[in-house]
Protein chains: 2
Amino acid sequence: MTLMTDPAAELAPRILAGERRALARAITLVESGRADHRAQATALLERLASAGKQALRIGLSGTPGVGKSTFIESFGMMLVRQGLKVAVLAVDPSSARSGGSILGDKTRMERLSREPNAFIRPSPSQAQLGGVARRTREAVSLCEAAGFDVVLIETVGVGQSETLVAEMTDLFILLMAPAGGDELQGVKRGIMEMADMILVNKADGDLKPAALRTMSDYAGALRLLRKRPQDPEGFPKAVAVSALAEEGLKAAWEDMGALTAWRRENGHFDRRRAEQARHWFETEVREGLLARLQSDPEIRAQMQALGSAVAEGQTAPAAAAAEMLAALQR
Amino acid sequence: MTLMTDPAAELAPRILAGERRALARAITLVESGRADHRAQATALLERLASAGKQALRIGLSGTPGVGKSTFIESFGMMLVRQGLKVAVLAVDPSSARSGGSILGDKTRMERLSREPNAFIRPSPSQAQLGGVARRTREAVSLCEAAGFDVVLIETVGVGQSETLVAEMTDLFILLMAPAGGDELQGVKRGIMEMADMILVNKADGDLKPAALRTMSDYAGALRLLRKRPQDPEGFPKAVAVSALAEEGLKAAWEDMGALTAWRRENGHFDRRRAEQARHWFETEVREGLLARLQSDPEIRAQMQALGSAVAEGQTAPAAAAAEMLAALQR
């Protein structure tokens, strides 16, 4: 990153003007682990928040092989053709281990990546899921400030990442493949309960009958779930699409629109956003408090010393903890 | 609890003298959520720690129906007959919900509860697993100071409670029932890996052949696990016992003794205790830090106010969190 004396003052107007390079730089800034970068990122986000721009935030989850890249490419292109600006981000806690990234290869979305009204940001390698979450949340805010209408957040269908993505989006979409037999794929109940829509992809060619059957299986399973107050009649919903043949995507987008409109009218949309913002604030305070134990050299040394005294039996854990907590409060 | 001007000064010598009523009172003190009680409990534990008394801490896990109560009764009676003092504690995070307690009914261990050299403490209702953990750890320390030779910590075989118990004990024992078919019961791999011994109970009467078969199934499964540095040849081990017929208990106790002696000789015993103590210290510091967000009325009010500002979109989560963290550091 080139030297900027005051990145918040410099980048803010450029981001608000929709300048992509400024957006990319700002995302690099929020991704940085350095303390001075963090302070700059916080100042920038605060400056942009007052603009109050909003995008529709859509979380998209699906295990490898369901055709997520093809779907994002086709779905994104359809939105762009409707005159909308689309940003694509990724939450991929596995990338730290594998070294790879689910969005690392932009060639997976060749057409979309060339669109001036589309912005694709690969998931960086990062060790800790908490860090990934904050980075992504803040990248979403930056994309909103830059005037994007839709922010798609892709995640692989494993572990806690779905919950994280659901906690930062307005809609949570599950992309599935046609099932081989007459059984539902092993979707965890908890993930089904988070989904606003299930899209069964690959409803084309030989797989179409299987996709339609799978879709109606999921529709049946969704009907068995308890009705959520944030859903109008008919939601959560399962539909069949073909990302490859670009079929069913418009209808799915219209469904998303209808759901969002209903939630806006009934106050659920704003309430959810408010709850999410409060949740992220509280999470950051908790993480920040705990991070001090590691980041402050003086505190860290005291933790080490007291920990060793406890390990050697010179003092009881409770007494040592009380001493440490008193020191932290000074 | 009667009024004590300085419980630490009053209770400490009585506990060290092995007075059961003082022990029971001290456990009630560590269980209390009141801030003044907490300070007294910390002072008491610190005073007792310097005595440096140790018991063998044995964790015992098993799902309902495997005969845990009968086992503790028979095993405890055998230890008492050998002249040992035995304390029995419980970690039961479910008791908060169910209102019941796995050790609530002392009639489950009628003989043992009448023994002057045995001490049984039921699990109190407590909402949070973290709180249960601290309470139990501290109760273990109190029992050690009171001169008990063996502290048995019982837990139900569900969720995180096994990990907690394993983190506060020297030996972790899994009690199992004979399996119906030729398949192993659904023991999670993680729990198998924590076990130092698997005892297959009910090796009596009609169930004896099934118990022996189950025992050898587990022995085979244990051999497939990676060898741990803290285990001598032949451990972890699966054996068959009958708590009802009081068979195999002595042999199991001798196995535990051999394992413990080996670990003491090879430094594993002390190292593990030291690691556990350090772990608990660090956990208490973290929990104490986070608890301040709730317990300090001024901090709580500021969290509320900033949280509402964030929810209403007046400030960004990151900026509000930075403000809160700065206030906490003052």
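Per-chain numbering applies: the sequence of each chain, read as written, is numbered from 1 onward. Ligands are numbered from 1 and chains lettered from A, in the order in which they are written. Selection of residues for local features in this predicted model requires a pLDDT of at least 70, selection of side-chain atom pairs for listing and counting requires 80 or more, and totals for whole chains, interfaces and linings are taken over all residues. Values reported for side chains reflect all heavy atoms of the structure, with hydrogen atoms and water molecules removed beforehand.

The name given to chain A in an unreviewed UniProt entry is LAO/AO transport system kinase, and the organism recorded there is Rhodobacter aestuarii.

Colleague: Describe the overall build of chain A, and please don't skip the residues or the numbers.
Modeller: Within chain A, the secondary structure is distributed over 14 helices and seven strands. Residue burial is assigned from relative accessible area. The probe radius is 1.4 Å, only protein chains are included, and a residue is buried under 20% of its type maximum, exposed over 50%, and partly exposed in between. Counting over 330 residues, chain A shows a buried share of 52%. In chain A, the share of contacts with a sequence separation of at least 24, taken over all contacts with a separation of at least 6, comes to 74%. Computed with a 1.4 Å probe, the accessible areas rest on the Shrake-Rupley method; for each residue, only the protein chains presented here act as cover. Of the roughly 14600 Å² of accessible surface on chain A, a fraction of 52% belongs to carbon and sulfur atoms. Labels follow the DSSP assignment, with helices taken as runs of H or I lasting at least four residues and strands as runs of E lasting at least two, numbered in each case from the N terminus. Working rule for contacts: check all heavy atoms of both residues, and any pair within 4.5 Å makes them a contact.

Colleague: Any details on the relation of the copies chain A and chain B? Residues and values, ideally.
Modeller: Overlaying chain A with chain B gives an RMSD of 0.1 Å, the required rotation being 180° about an axis along which the chain moves by 0.1 Å. The superposition of one copy onto the other is thereby described by a two-fold rotation axis. Both copies contact each other with a shared surface, as 100% of the interface residues of chain A are interface residues in chain B too. Superposition of the copies was done by least squares, using only C-alpha atoms of residues whose pLDDT is at least 70 in both.

Colleague: Describe helix H4 (residues 68-81) of chain A, listing the residues and the values that go with them.
Modeller: Because the α-helix completes a turn every 3.6 residues, residues three or four places apart line up on one side. Residue and element names in this part refer to chain A. Between the first and last C-alpha of H4 there are 20 Å, a value that for 14 residues agrees with the 20 Å anticipated at 1.5 Å per step. Regarding H4, the residues found buried are Lys 68, Ser 69, Phe 71, Ile 72, Glu 73, Ser 74, Phe 75, Gly 76, Met 77, Met 78, Leu 79 and Val 80. Note on H4: the residue one or two positions beyond its end, Gly 83, has a positive phi of about 90°. What a helix is expected to span follows from its residue count: subtract one and scale by 1.5 Å.

Colleague: Kindly report on the sheet that holds strand S2 (residues 86-91) of chain A, identifying the contributing residues and their values.
Modeller: Residues and elements named next belong to chain A. Read across the sheet, seven strands follow the order S3-S2-S4-S1-S5-S6-S7 without closing on themselves; strand pairing throughout is parallel. Sheet topology places strand S3 (118-120) and strand S7 (237-240) at the edges, where each strand pairs with a single neighbour. On average, each strand axis in the sheet is tilted by 20° relative to the strand beside it, whichever way the strands run. Pairing geometry for strand S1 (residues 56-62) and strand S5 (residues 171-176), over four bridges, is parallel. Bridged to Ile 58 within S5 is Leu 171. Here the axes come from fitting lines to C-alpha atoms, over the contacting stretch only for helices, and the angles between their N-to-C directions go from 0 to 180 degrees. Relative to strand S4 (residues 150-156), H4 is tilted by about 175°, and along the sheet it contacts S1, S2, S3, S4, S5 and strand S6 (197-200). What makes two strands pair is DSSP finding at least two bridges between them.

Colleague: Talk me through the sheet that holds strand S4 (residues 150-156) of chain B; I want residue IDs and the actual numbers.
Modeller: Residues and elements named next belong to chain B. Taken in spatial order, the seven strands of this open sheet run S3-S2-S4-S1-S5-S6-S7, and their pairing is parallel. The sheet terminates laterally at strand S3 (118-120) and strand S7 (237-240), the two strands that pair on one side only. Each adjacent strand pair in this sheet contributes to an overall mean axis angle of 20°, direction not counted. Examined bridge by bridge, strand S6 (residues 197-200) and S7 share four bridges and lie parallel to one another. Paired with Met 197 across the strands is Lys 237, a residue of S7. Contacts from helix H10 (residues 208-224) reach strand S5 (171-176), S6 and S7 within the one sheet, and its direction differs from that of S7 by about 175°.

Colleague: Go over the packing of aromatic side chains, please, and point to the residues and values.
Modeller: Any Phe, Tyr or Trp ring, taking Trp's six-membered ring, that has another such ring centre within 6.5 Å forms a pair; planes under 30 degrees apart are called stacked, those over 60 apart edge-to-face, and the others tilted. A complete count under the given rule lists six aromatic pairs over all chains for this structure. Taking the centre distance of 5.0 Å and the plane angle of 15° together, the rings of Phe71(B) and Phe75(B) count as stacked. Within this pair, Phe71(B) and its partner Phe75(B) are both found in helix H4 (residues 68-81), separated by four residues, close to a single helical turn. We note that Phe71(B), like Phe75(B), is buried. Their ring planes at 80° and their centres at 6.0 Å tell us that Phe75(B) and Trp253(B) sit as a pair that is edge-to-face. On the criterion of sequence distance, the pair formed by Phe75(B) in helix H4 and Trp253(B) in helix H11 (residues 249-265) is long-range, its members being 178 residues apart. No difference in accessibility class separates Phe75(B) from Trp253(B), as the two residues are buried. The structure contains a cluster of three or more aromatic residues connected by ring pairs, namely Phe71(A), Phe75(A) and Trp253(A). Here, a charge over a ring means that NZ of Lys or CZ of Arg falls within 6 Å of the ring centre while also lying within 35 degrees of the ring normal. For Arg264(A), the ring lying beneath its charged end belongs to Phe269(A), and the centroid distance is 3.9 Å. Above the face of the Phe148(B) ring, Lys85(B) is positioned so that its terminal group lies 4.7 Å from the ring centre.

Colleague: Requested: an account of the interface of chain A and chain B, with residues and values cited.
Modeller: By a frequent convention, interface size equals the accessible area lost on bringing the separate parts together. With 40 residues of chain A at the contact, the number on the chain B side is 40 residues. Of the roughly 3500 Å² buried where chain A meets chain B, counting both sides, 72% is carbon and sulfur surface. The quantity reported as buried area is the accessible area (1.4 Å probe) lost by two parts once they are put together, taken as the sum for both. By the criterion of area lost to chain B, the three top residues of chain A are Arg278(A), Phe281(A) and Leu289(A), representing 19% of everything that side buries. By definition, a salt bridge exists where a carboxyl oxygen of Asp or Glu is found within 4 Å of a side-chain nitrogen of Lys or Arg. Linking chain A with chain B are zero salt bridges. Pairs of N or O atoms are called polar contacts if they sit within 3.5 Å, as long as, within protein, a hydrogen donor faces a hydrogen acceptor (for residues adjacent in sequence, only side-chain-to-side-chain pairs). Inspection of the chain A/chain B interface yields six residue pairs in polar contact (both at pLDDT 80 or more). Where the side of chain A that touches chain B is concerned, the elements lending two or more residues are helix H3 (35-49), helix H12 (268-295), helix H13 (297-311) and helix H14 (317-329) of chain A. Per-element accounting of the side of chain A that touches chain B gives the leading share, 14 residues, to H12(A). Its residues assigned to classes, the side of chain A that touches chain B comprises 24 nonpolar, eight polar and eight charged. The residue classification treats Ala, Val, Leu, Ile, Met, Phe, Trp, Tyr, Cys and Pro as nonpolar and Asp, Glu, Lys and Arg as charged. All others, Gly included, are polar.

Colleague: Could you give an account of unusual backbone geometry, with specific residues and numbers?
Modeller: All names here are of chain A. In this structure, the amide linkage connecting Phe 235 to the following residue, Pro 236, adopts the cis form with an omega of -10°. Among the structural elements, Pro 236 can be located in the loop between helix H10 (208-224) and S7. Positive phi, normally seen in glycine, also occurs at Glu 246, with a value near 55°. For Glu 246, a relative accessible area of 33% gives the class partly exposed.

Colleague: Describe the environment of Ala43(A), and please don't skip the residues or the numbers.
Modeller: Topologically, Ala43(A) is positioned in helix H3. Along the sequence, Ala43(A) and Ala12(A) sit 31 residues apart, while their C-alpha atoms lie 9.7 Å from each other.

Colleague: Requested: an account of the nonpolar core, with residues and values cited.
Modeller: Soluble globular proteins tend to bury their nonpolar side chains together. Within this scheme, the nonpolar core is defined by two criteria: the residues are buried Ala, Val, Leu, Ile, Met, Phe, Trp, Tyr or Cys, and they are joined through side-chain atoms within 4.5 Å. If you look at the biggest cluster of nonpolar residues, it comprises 55 residues, and the most contacted ones within it are Ile15(B), Leu23(B), Leu44(B), Leu142(B), Cys143(B), Val151(B) and Ile198(B). Considering each element in turn, this core owes the most residues, seven residues, to helix H7 (residues 129-145) of chain B. Domain start and stop positions are those given by an automatic or database domain assignment. Looking at which domains feed residues into this core, each of domain 1 (1-51) and domain 2 (53-264) of chain B supplies at least three. When residues no more than four places from it in sequence are discounted, the contact partners of Val151(B) are Ala55(B), Leu56(B), Arg57(B), Ile58(B), Ala87(B), Leu89(B), Val140(B) and Cys143(B). Listed in part, the 54 residues of the second largest apolar core include Leu48(A), Ala166(A), Ile191(A) and Ile198(A).

Colleague: Residues and numbers for the pattern of salt bridges, please.
Modeller: Residues and elements named next belong to chain A. Counting across every chain of the model gives 38 salt bridges over all chains. Here Arg 228 and Asp 231 are joined by a salt bridge, their closest N and O atoms 2.6 Å apart. Relative accessible area serves as the criterion here: at 15%, Arg 228 is assigned to the buried category. Residues participating in the shared-partner salt-bridge network are Arg 57, Glu 144, Asp 170 and Arg 273.

Colleague: Please provide a residue-by-residue account of the packing of H4(B) against H11(B), values included.
Modeller: Any two packed helices are characterised by the angle at which their axes cross and by the distance between the axes. Residues and elements named next belong to chain B. Following both chains from N to C, one finds H4 and H11 inclined at 70°, their axes separated by 10 Å at the closest point. Comparing the axis directions of H4 and H11 gives the class roughly perpendicular. Here Phe 71, Ser 74, Phe 75, Met 78 and Leu 79 of H4 lie close against H11, whose contacting residues are Leu 249, Lys 250, Trp 253 and Met 256. For the contact of H4 with H11, the per-class residue count stands at seven nonpolar, one polar and one charged. For classification purposes, angles smaller than 35 degrees are called roughly parallel, those larger than 145 roughly antiparallel, those between 65 and 115 roughly perpendicular, and all remaining angles oblique.

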